[in-house]
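Coordinates in review
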Amino acid sequence: MKKILLLALCLPFFLAAQDKYTINGYVKDAANGEALIGATVLITELGTGNITNVYGFYSITLPAGDYTVEFRYLGFVTQKQSISLNENTRLDIELGEEQTALQEVVVTARPEDENVSSTEMSVAELDIKTISKIPVFAGEVDIIKSIQLLPGVSSVGEGASGFNVRGGGVGQNLILLDEAPVYQSSHLFGFFSVFNPDAVKDVKLYKGGIPSRYGGRLSSILDVRMKEGNSKELDVSGGIGTVFSRLTVEGPIKKDKASFIIAGRRSYADIPIRLFTDLLNDGAALFFYDLTAKANYNIDEKNKVFVSGYFGRDVFKFDELQGFNWGNQTASVRWNHLFNDRFFSNFTAFYSNYDYAFEVGNTDEDQFDWNSKVQTINFKPQFSYFLDQRNELTFGGELLYYTFFPANAVGFTSGNRIDLSLEKKNALETSLYISNNQKLTDDLSIEYGLRYSNFNHLGPANQYTFGDTLAGERKPVIDTTRIGNNESVAFYQNLEPRFSVRYKLSKSSSVKFSYNRMNQYIHLISNTVAATPIDVWQPSTNNIRPQQGDQIALGYFKNFKNNEFETSVEAYYKRTRNQVDYIDGADLFINDLLEADVLSGKGRAYGLEFYVKKNAGDLTGWISYTLSRSELLIDGINYLPNSTDRAGRWYPTRFDQTHNLKVVGNYKIKERKNLSATFSYITGTPTTYAIDRISVAGHVIPINNGSRNNFRIPDYHRLDVSYTIDYNWVSKKGKARSSSLVLSVYNLYNRKNAFAINFTQEDDRVNYRQLNNLNLPTGPVNTSAFETSILFFVLPSVTYNFKF
């Protein structure tokens, strides 16, 4: 009886499957063969459809019948295909750009109402056309600077590496370049990003509602996708700027079958300096370079392979023997495979290395050399199964093997060699995930998933046990256990549920809610004013537990005038555990007992994000405003002066910014002339000042009494402008060519924004021992405060871009 009942329940599904067929294929740019991410594939008769994935692939399963299929992509000519669906059908489409190309800023190339219709929330996507319109430092197109103009994204100031998302630290962002992690996202101490815009196709930032396929960081995912290279014809493009120049070459290896792209940049601030001063004659240097490369090959209709890599380095030398250098290297191999018309897969293997070093000393006999690095090897299978037009199932896994080199340090004193190196550390992180994007009704859609992750810190290593002490003090070692090769130092495992829901109130408005739990097993160790390129990465141990965070977000999305205007407001609340901070006077550099100086506690971040964007017309752009708080509660920090147990009180993080206002505008003066401007206003970030002082022997000793981040530096604001002239023409061979001249001014009204406040006492004070043999005070010691500004002048620049 049970078997008959089961057959009766399943029979409708089998019968339905017999009458349904699948349309699938790829949507590409007709001009260069690039896959179009997020193109809309719409079944006109049903009013439903799908969008292409990050490889341009789509799949739609429908009952047998006659249909009209529309292929849409913003800025491209819509194509319609009539089909009689009586068997599985492969339909690859190439879309051509509109002859009157859009000049306005476009934040996303997805459907025009995607902010309303998509289940995703707390997501920002930038295409390269958007980024190229934004005036930034030295007139150069920059991805990281551009995303900092969006709600919920910020930086602690000029000269700070990386970015902060919804109250999280720089080390809590997972930055992916063609799925390989990039540990340092900045060149030149944060003034430029490591991503060459000429090689980038798509940039997507997840601030919340993070899908289950992503993990490993607490705050955000920045997914950067490289171009595949022109598969139609050879293209050469580049730019000559004030600070650096760049060159990109792309073209077919075999037309419509295989292609490549190679893009390189090199700064040359050190070259003109040598012409006008002798400051760099003794071997000093200041420059960066990077090389990005990618190739792909279509084996057949079901198989495609990609190979990509990135190699970049910064060099900052004071002279021949002293200076800093750091750099990223990544290499990825990916294989797309279609198991059948509805079953898409991608297999990725990558290698990532981030190394950083400095050296100081006057001679070879008195020298100190230090370097550190973190290496990652990964294998990641990903699968998408298009169940039907209302369900898309994704699942897969990930295996990462980390090797940390915390310090390779050698010193020379009077020719004697001293090795201060620390033992390398190994760890294995694995995960499995599954999720389903389900359209319950035309108005109600949900995406739900689950990620399982575990982390194993592996030997050989020392496992330390610390004794109890007063909160905020260095913990004493009471036992040391030697862990053997590949044995476990510490093991952690966690479940990470993810959930998003969207309900359409009308064709132009919707409400959305999301929840995600994230776990982070590696930690960026830094107690400086801002993250630096030489901060050290540390795996979780038996004493430093993984960071964990839960975030909820609620948003309202509304478009006006046929999607010409987009508006949204999102509220979020994030609760975190095992947040890392440090005791006063912590020794983080070449310290085998680093765990003794680390404190942990809980955190919270909450805020409101407002966003208004104008998509069409001569004047386009957006306004974003974020009202937020980001705080920590850790015993031993920010306690009451008379507290016996030193129980902590809530205190703001270093990157807490109450108000964050960004205005971006682009005005088309004429057909080929554009004026752009950005304005930023940000509340000053917290910093720690002494609350009292004493004088001993004429020297001032500041007293803090446990306070942390108890004051703020002055508020930050800045205006940048740029003027772009575009030139377009057709060569004698009929090929379209283009160039542009960009004139820009950074920090137009010469605002001297403070990066930090420092204190000093006067050097010309009277030595009271000479005046008073009785060693009695002769009067107060004068002290003063002064602001440190990284950029304290107006910076004009000129950039010439070309493509032929």
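Criteria and thresholds
- Residues numbered from 1 in each chain as written.
- Predicted model: local features only at pLDDT ≥ 70, side-chain atom pairs only at ≥ 80, totals over all residues.
- Heavy atoms only, no water.
- Helix = DSSP H or I, 4+ residues; strand = E, 2+ residues; numbered from the N terminus.
- Rg over C-alpha atoms; globule rule 2.2 N^0.38 Å.
- Contact = heavy atoms within 4.5 Å.
- Areas by Shrake-Rupley, 256 points an atom, 1.4 Å probe, with all protein chains shown as cover.
- Lys, Arg positive; Asp, Glu negative; His and termini not counted.
- Charge placed at Lys NZ, Arg CZ, Asp CG, Glu CD.
- Buried < 20%, exposed > 50% of the residue type's maximum accessible area, 1.4 Å probe, protein only.
- Pairing = 2+ DSSP bridges.
- Axes fitted to C-alpha atoms, helices over the stretch in contact; angles between N-to-C directions.
- 1 Å grid on protein atoms, 1.4 Å probe; cavity = no way out; pocket = protein on both sides within 12 Å on 5 of 7 lines; lining within 4 Å.
- Points joined across faces, edges and corners; volume = space filled by probe spheres on them.
- Nonpolar A, V, L, I, M, F, W, Y, C, P; charged D, E, K, R; others polar.
- Core = buried A, V, L, I, M, F, W, Y, C linked by side-chain atoms within 4.5 Å.
- Salt bridge = Lys/Arg side-chain N within 4 Å of Asp/Glu carboxyl O.
- pLDDT = per-residue confidence, 0-100.
- Polar contact = N/O pair within 3.5 Å; in protein donor to acceptor, adjacent residues only side chain to side chain.
- Phe/Tyr/Trp six-rings, centres within 6.5 Å; stacked < 30°, edge-to-face > 60°.
- Lys NZ or Arg CZ within 6 Å of the ring centre and 35° of its normal.

**Points about the overall build of the chain**
The number of helices and strands found in the chain is 6 helices and 51 strands. Since a compact globule built from 804 residues should have a radius of gyration of about 28 Å, the 28 Å found for the chain is in line with a globular shape. Seen through its C-alpha atoms, the chain measures out along the principal axes to roughly 105 × 75 × 50 Å. Taking the intrachain contacts of the chain between residues at least 6 apart in sequence as the baseline, contacts between residues at least 24 apart amount to 66%. Entry remark: accessible area of the chain is about 34,800 Å², with carbon and sulfur atoms responsible for 58%. Within the chain, the 87 negative side-chain charges are centred at a point lying 5 Å from the centre of the 83 positive side-chain charges.

**Comments concerning the side chain of Arg 708**
As for its placement among the helices and strands, Arg 708 is situated in the loop between β45 (699–703) and β46 (711–712). Owing to a relative accessible area of 13%, Arg 708 belongs among the buried residues under this scheme. For Arg 708, the residues in contact, after removing those within four places along its chain, are Asp 581, Tyr 582, Ile 583, Asp 584, Ile 637, Asn 638, Tyr 651 and Thr 688.

**A look at the sheet that holds strand β9 (residues 123–127)**
Note: strands within a sheet are paired through backbone hydrogen bonds, in either parallel or antiparallel orientation. Taken in spatial order, the 5 strands line up as β9-β16-β17-β12-β13 in an open sheet, and their pairing is mixed. Each edge of the open sheet is held by one strand with a lone partner, namely β9 and β13 (180–181).

**A closer look at the sheet that holds strand β2 (residues 40–43)**
Read across the sheet, 4 strands follow the order β3-β2-β5-β6 without closing on themselves; strand pairing throughout is antiparallel. Each edge of the sheet is formed by a strand with only one pairing partner; in this case those strands are β3 (48–51) and β6 (79–85). Ignoring strand direction, the axes of neighbouring strands in this sheet form an average angle of 20°. In this structure, β2 lies alongside strand β5 (residues 65–72), joined through 4 bridges in antiparallel fashion.

**Re empty space enclosed by the protein**
One pass over the structure, following the stated rule, counts 12 cavities of 30 Å³ or more. Quantified by volume, the second largest cavity comes out at close to 310 Å³. Along the wall of the second largest cavity there are 26 residues; nearest its centre are Gln 148, Ser 155, Ile 682, Tyr 716 and Arg 718. Taken together, the elements giving at least two residues each to the lining of the second largest cavity come down to β42 (673–682) and β47 (716–730). For the lining of the second largest cavity, a count of residues per class yields 11 nonpolar, 10 polar and 5 charged.

**Here's the deal with the pairing of strand β39 (residues 619–633)**
Two elements, strand β38 (residues 598–614) and β39, share 13 bridges in a ladder whose sense is antiparallel. Bridge assignment links Phe 610 to a residue of β39, and that residue is Tyr 625. Connecting β38 to the next strand, β39, in antiparallel fashion are 4 residues, including Gly 617 with a positive phi near 100°. Where β39 meets strand β41 (residues 659–670), 9 bridges bridge the pair, whose relative direction is antiparallel. Considered in β41, the bridge of Thr 626 is made with Asn 660.

**Structural notes on the nonpolar core**
With 29 residues, the main nonpolar core has Ile 147, Phe 163, Phe 195, Val 203 and Leu 222 as its most contacted residues. Looking at this core, the elements with two or more residues in it are β9, α4 (143–147), β12 (173–177), β16 (200–206) and β17 (220–226). Apart from the residues within four sequence positions on either side, Phe 195 is in contact with Ile 143, Ile 144, Ile 175, Leu 177, Val 182, Val 200, Val 224 and Arg 265. By size, the runner-up hydrophobic cluster in this structure holds 24 residues, among which are Tyr 356, Trp 370, Tyr 402 and Ala 490.

**Overview of the pattern of salt bridges**
Overall, the coordinates contain 42 salt bridges when judged by the stated rule. A salt bridge links Arg 166 to Glu 609; its shortest N-O distance comes to 2.8 Å. Here Glu 609 lies in strand β38 and Arg 166 lies in the loop between β11 (164–165) and β12, a separation of 443 residues in the sequence. Take Glu 609: its relative accessible area is 3%, and that puts it in the buried class. Residues Asp 656 and Arg 629 are paired through a salt bridge, measuring 3.5 Å at the closest nitrogen-oxygen approach. Note that Asp 656 is positioned in the loop between β40 (651–652) and β41 and Arg 629 in strand β39, a separation of 27 residues in sequence. Note on Arg 629: relative accessible area 27%, which makes it partly exposed.

**Re the confidence of the model for the chain**
The pLDDT averaged across the chain works out to 87; a share of 91% of its residues lies at or above 70. Note that residues 1–17 has pLDDT below 50 and, in this model, 0 contacts with residues that lie over four places away or in other chains. A low-confidence stretch, residues 100–110 (pLDDT under 50), is modelled with 42 contacts involving residues beyond four sequence positions or located in other chains.

**A closer look at the environment of Phe 589**
Counting through the fold element by element, Phe 589 comes out in the loop between β37 (565–582) and β38. For the pair formed by Phe 589 and Asp 535, sequence separation is 54 residues and the distance between their alpha carbons is 9.1 Å. With residues near it in sequence (within four places) discarded, Phe 589 still touches Phe 358, Phe 368 and Trp 370.

**Quick look at the side chain of Thr 292**
Secondary-structure assignment places Thr 292 in strand β21 (residues 285–300). The class of Thr 292 is buried, set by a relative accessible area of 4%. With near-sequence residues (within four places) excluded, Thr 292 lies in contact with Asn 196, Ala 199, Met 226, Ile 261, Ile 262, Ala 263, Gly 309 and Tyr 310.

**Brief notes about the environment of Gln 79**
For Gln 79, the location among the structural elements is in strand β6. Through-space distance from the C-alpha of Gln 79 to that of Gly 96 is 9.2 Å; in sequence the pair is 17 residues apart. Ignoring any residue separated from it by four or fewer positions in sequence, one finds Gln 79 in contact with Val 69, Glu 70, Phe 71, Ile 93, Glu 94 and Leu 95. Reaching out from Gln 79, the side chain makes a polar contact with the backbone oxygen of Glu 94 at a distance of 2.6 Å.

**What to know about the packing of aromatic side chains**
This structure, assessed with the given rule, holds 41 aromatic pairs. A ring pair is formed by Phe 383 and Phe 395, whose centres lie 5.2 Å apart and whose planes are at 20°; its orientation type is stacked. Linking Phe 383 in strand β25 (residues 366–388) with Phe 395 in strand β26 (residues 391–413), this pair joins segments that are 12 residues apart in sequence. You can call Phe 395 partly exposed: its relative accessible area is 27%. Connected via pairs of aromatic rings, a cluster forms that spans Phe 316, Phe 318, Phe 324, Tyr 354, Tyr 356, Phe 358, Phe 368, Trp 370 and Phe 589. One Lys or Arg, Arg 225, reaches over the ring of Tyr 55 and ends 5.9 Å from the middle of that ring. Stacked on the ring of Phe 306, the Lys or Arg Arg 334 has its end atom at 4.9 Å from the ring centre.

**Details of the environment of Phe 711**
Turning to its location among the elements, Phe 711 is positioned in strand β46. Taking the C-alpha atoms as reference points, Phe 711 and Tyr 58, 653 residues apart in sequence, are found 53 Å from one another. For Phe 711, the contacting residues outside a window of four places in its chain are Thr 685, Pro 686, Thr 687 and Tyr 689.

**A short note on unusual backbone geometry**
Here the residue pair Gly 459 and Pro 460 is connected by a cis peptide bond, since its omega of 10° sits within 30 degrees of zero. With respect to the helices, strands and loops of the structure, Pro 460 is situated in the loop between β29 (444–458) and β30 (461–466). Positive phi is not limited to glycine here, since Asn 563 has a value of about 70°. By the secondary structure assignment, Asn 563 is in the loop between β36 (547–560) and β37.

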